[in-house]
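Take a look at the letters that make up each chain.
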Amino acid sequence: MNGAAAPRRSPVAFLLLVLVFTAPFTALDAVAEGRLVPGVPLSGLAFLCPAIAAVALTAREGGGAAVRALLRRSFDGGRAPAKAWFVPAVLLYPAVVTASYLLLRLTGTALPDARISLAPTLLLAAGFFVAALCEELGWSGYATPPLRDRWGGLGAGLLLGGFWAVWHWPALLQVGRPVAWIAWWSLHTVALRVIMVWLFGRMGGSVLAMTLFHASVNLAWQLFPVQGSHFDMPLVASLIAGVALAITLAEALAARRRRPARTGRVTHPTDRRKRLA
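Residues numbered from 1 in each chain as written. Predicted model: local features only at pLDDT ≥ 70, side-chain atom pairs only at ≥ 80, totals over all residues. Heavy atoms only, no water.

Caption draft 1: Representation of the overall build of the protein within the structure. The secondary structure content of the protein amounts to 8 helices and 2 strands. The order of α-helices and β-strands along the protein, N terminus first, is α-β-β-α-α-α-α-α-α-α. Overall, the C-alpha framework of the protein stretches about 90 × 55 × 35 Å when taken along its three principal axes. Out of the 277 residues belonging to the protein, those deemed buried represent 39%. For the protein, contacts bridging at least 24 residues in sequence account for 78% of all contacts bridging at least 6. Counting 26 positive and 11 negative side-chain charges, the protein places the centres of these two groups 16 Å from one another. (Helix = DSSP H or I, 4+ residues; strand = E, 2+ residues; numbered from the N terminus. Buried < 20%, exposed > 50% of the residue type's maximum accessible area, 1.4 Å probe, protein only. Contact = heavy atoms within 4.5 Å. Lys, Arg positive; Asp, Glu negative; His and termini not counted. Charge placed at Lys NZ, Arg CZ, Asp CG, Glu CD.)

Structure follows, in structure tokens:
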């Protein structure tokens, strides 16, 4: 065979390195007050850490060429075999959040009217895109493929989603989120990653698609009245977990249908004796 084998990636080393790089950002909130956006402390700048960890490990494993290949994944929309998949990648989560808003309205919950200004929304979307890209170069570009190869799509989603949720806990505590809210948010986050790993497979492993999905999650939360202050996390978590469950069951059913049926006839011992007589 010609050519060198592809370097073996280490998801465990990647996750440990993300934790190491995150520590200084977590401490930042203790020495400086401020919010990047409502509900996000200064330690939210740790969005840089997955990209830094992925680049560092990729450089060690494959050198500069491998790093450049990883960074080119930032705009790899051409990997998607069908561009129609960008519709759920961009609109699935906003649709769920819109459904939650309508349900709250129908049940009589007092909510302010949604007010969206174009210029601030575009700036917010651009910021969330950059942050999501830094994270997804690590979560999707580096860690998802080896985890999916080892544990399958569902296993990869649960494992990476669990880490992704826990990684956010210090920042959530720093802005005063109650433990019950964090528990619902964690369910929501794991379900999101299960959906994202599924979409990642459907879209040819596109990091750009996962970046757009990730950015849409943060943008929909901030645009919910008022700057996310009336966002009903238990309701949204339940809805998005339902979507993840439906996808998982549909995939399991499809895999069962693709499984080749056993058509061979089992030979009874008496039949065998008849043929030998």
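Caption draft 2: Spotlight on the confidence of the model for the protein. The share of residues in the protein with pLDDT of 70 or more is 91%, and the mean pLDDT across the chain is 91. Summarising per-element confidence for the protein, the mean pLDDT is lowest in helix H8 (residues 269-276) (49) and highest in helix H5 (residues 179-202) (98). (pLDDT = per-residue confidence, 0-100.)

Caption draft 3: View of the packing of aromatic side chains. All chains considered together, the criterion is met by 8 aromatic pairs. Note on Trp85 and Trp198: the rings are 5.5 Å apart at their centroids and 80 degrees apart in plane angle, and the pair reads as edge-to-face. Note that Trp85 is positioned in the loop between helix H2 (49-72) and helix H3 (86-106) and Trp198 in helix H5, a separation of 113 residues in sequence. Residues Phe224 and Phe231 carry aromatic rings whose centres are separated by 5.5 Å and whose planes lie at 75 degrees to one another, so their mutual orientation is edge-to-face. Classification of Phe231 as buried rests on a relative accessible area of 9%. When the ring centre of Trp181 is taken as origin, the NZ or CZ atom of Arg177, which lies over that ring, is 4.1 Å away. Over the ring of Trp164 we find Arg193, and its NZ or CZ is 4.1 Å from the ring centre. (Phe/Tyr/Trp six-rings, centres within 6.5 Å; stacked < 30°, edge-to-face > 60°. Lys NZ or Arg CZ within 6 Å of the ring centre and 35° of its normal.)

Caption draft 4: A look at the pattern of salt bridges. Per the counting criterion, the structure on display carries 7 salt bridges. Among the ionic pairs, Arg35 bridges to Asp29, the shortest N-O distance being 3.8 Å. Overall, the relative accessible area of 44% leaves Arg35 in the partly exposed class. Judged by relative accessible area, Asp29 falls into the buried class, the value being 17%. (Salt bridge = Lys/Arg side-chain N within 4 Å of Asp/Glu carboxyl O.)

Caption draft 5: How the structure looks around the packing of helix H1 (residues 11-31) against helix H4 (residues 118-174). Packing of H1 against H4 leaves a shortest axis separation of 11 Å and a crossing angle of 15 degrees. When the interaxial angle is binned, H1 and H4 end up roughly parallel. Note that H1 runs across H4; the crossing there is right-handed. Each of Pro11, Phe14, Leu15, Val18, Leu19, Thr22, Thr26 and Asp29 in H1 lies in contact with H4, whose residues at this interface are Gly138, Trp139, Tyr142, Ala143, Pro146, Leu147, Leu160, Phe163, Trp167, Pro170 and Gln174. Looking at side-chain class alone, the contact of H1 with H4 contains 14 nonpolar, 4 polar and 1 charged residues. (Axes fitted to C-alpha atoms, helices over the stretch in contact; angles between N-to-C directions. Parallel < 35°, antiparallel > 145°, perpendicular 65-115°, else oblique. Left-handed = near helix turned anticlockwise from the far one by under 90°. Nonpolar A, V, L, I, M, F, W, Y, C, P; charged D, E, K, R; others polar.)

Caption draft 6: Representation of the nonpolar core within the structure. Residues Phe14, Tyr93 and Trp139 are the most contacted members of the largest nonpolar core, which totals 71 residues. Among the elements of the structure, H1, H2, H3, H4, H5, helix H6 (207-223) and helix H7 (233-258) are those that each provide at least two residues to this core. Here this core takes 18 residues from H4, the largest share from any one element. Apart from residues no more than four positions distant in its own chain, Tyr93 is found in contact with His188, Leu192, Ser216, Val217, Ala220, Phe231, Val236 and Ile240. (Core = buried A, V, L, I, M, F, W, Y, C linked by side-chain atoms within 4.5 Å.)

Caption draft 7: Structural context of a nonpolar patch on the surface. A surface patch of nonpolar side chains, amounting to about 290 Å² of accessible area, comprises Val12, Leu16 and Leu19. Here Leu16 lies in helix H1. (Patch = residues over 30% accessible without salt bridge, like charges linked within 9 Å, V, L, I, M, F, W, Y side chains within 5 Å. Areas by Shrake-Rupley, 256 points an atom, 1.4 Å probe, with all protein chains shown as cover.)

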